[in-house]
Structures are given as C-alpha cells and as structure tokens.
Amino acid sequence: MKIEIDTDKCCGAGHCVLIAPEVFDQRDEDGIVVLLQDAPGPELHDAVREAATVCPASAIWPVEE
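To keep things clear, this report deals only with the structure shown in the data block. (Residues numbered from 1 in each chain as written. Predicted model: local features only at pLDDT ≥ 70, side-chain atom pairs only at ≥ 80, totals over all residues. Heavy atoms only, no water.)

**Focus on helix H2 (residues 45–54)**
Residues His-45, Val-48, Ala-51 and Ala-52 constitute the buried set of H2. Each buried residue of H2 sits inside an arc of 125° when the element is viewed along its axis, so together they form one side. Set apart from the buried face of H2 by more than 90 degrees, the exposed residues are Asp-46 and Thr-53. (Buried < 20%, exposed > 50% of the residue type's maximum accessible area, 1.4 Å probe, protein only. Helix = DSSP H or I, 4+ residues; strand = E, 2+ residues; numbered from the N terminus. Arc of directions from axis to C-beta.)

Below, the structure written as structure tokens:
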C-alpha cells in the first residue's frame, strides 16, 4: 500500500493522526496533514483505510498495490 495525500484539500481536523499516528502528523502552524510513512507496513493498512474513510476533506487515498 502507498498513501497519497492532498494537502490543499486537508482541513486540519486531525482524525488521521488520532487513528494512525505512526503514519500521519500535522504541521504545527496550521494543522495540515504531514505524511510520516508513504508505504506503511501491512500492520497499519487497516488504520490507514479507516483514516481515509473518516477524513472530512477526503484528502487521503490509500493505493493498494
């Protein structure tokens, strides 16, 4: 799995960070998503999918390989 994010769409809600803090963080100045891992291990795939599902801005896309 690879992860794509659109920082222009991100609204800084932070749900992704709460669900998968190993994969996502937020910029201090505005809360916009920061990708910590663009290809997380299989143990994080479910959390990444959940983060993408709950993202209110639809700014996260897990790409299955």
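**A closer look at the pattern of salt bridges**
Scanning the entire structure with this criterion turns up four salt bridges. The partner of Arg-27 in a salt bridge is Glu-29, and the shortest N-O contact between them spans 3.6 Å. Given a relative accessible area of 33%, Arg-27 falls into the partly exposed group. Among the residues examined, Glu-29 registers a relative accessible area of 64% and is labelled exposed. Arg-49 serves as the salt-bridge partner of Glu-64, at 2.9 Å between the closest nitrogen and oxygen. You can see Glu-64 sitting in the segment after strand S4 (60–63) and its partner Arg-49 sitting in helix H2, a full 15 residues away along the chain. Given the relative accessible area of 46%, Glu-64 is considered partly exposed. Since its relative accessible area comes to 31%, Arg-49 is described here as partly exposed. When salt bridges that share partners are traced, they join Arg-27, Glu-29 and Asp-30 into one network. (Salt bridge = Lys/Arg side-chain N within 4 Å of Asp/Glu carboxyl O.)

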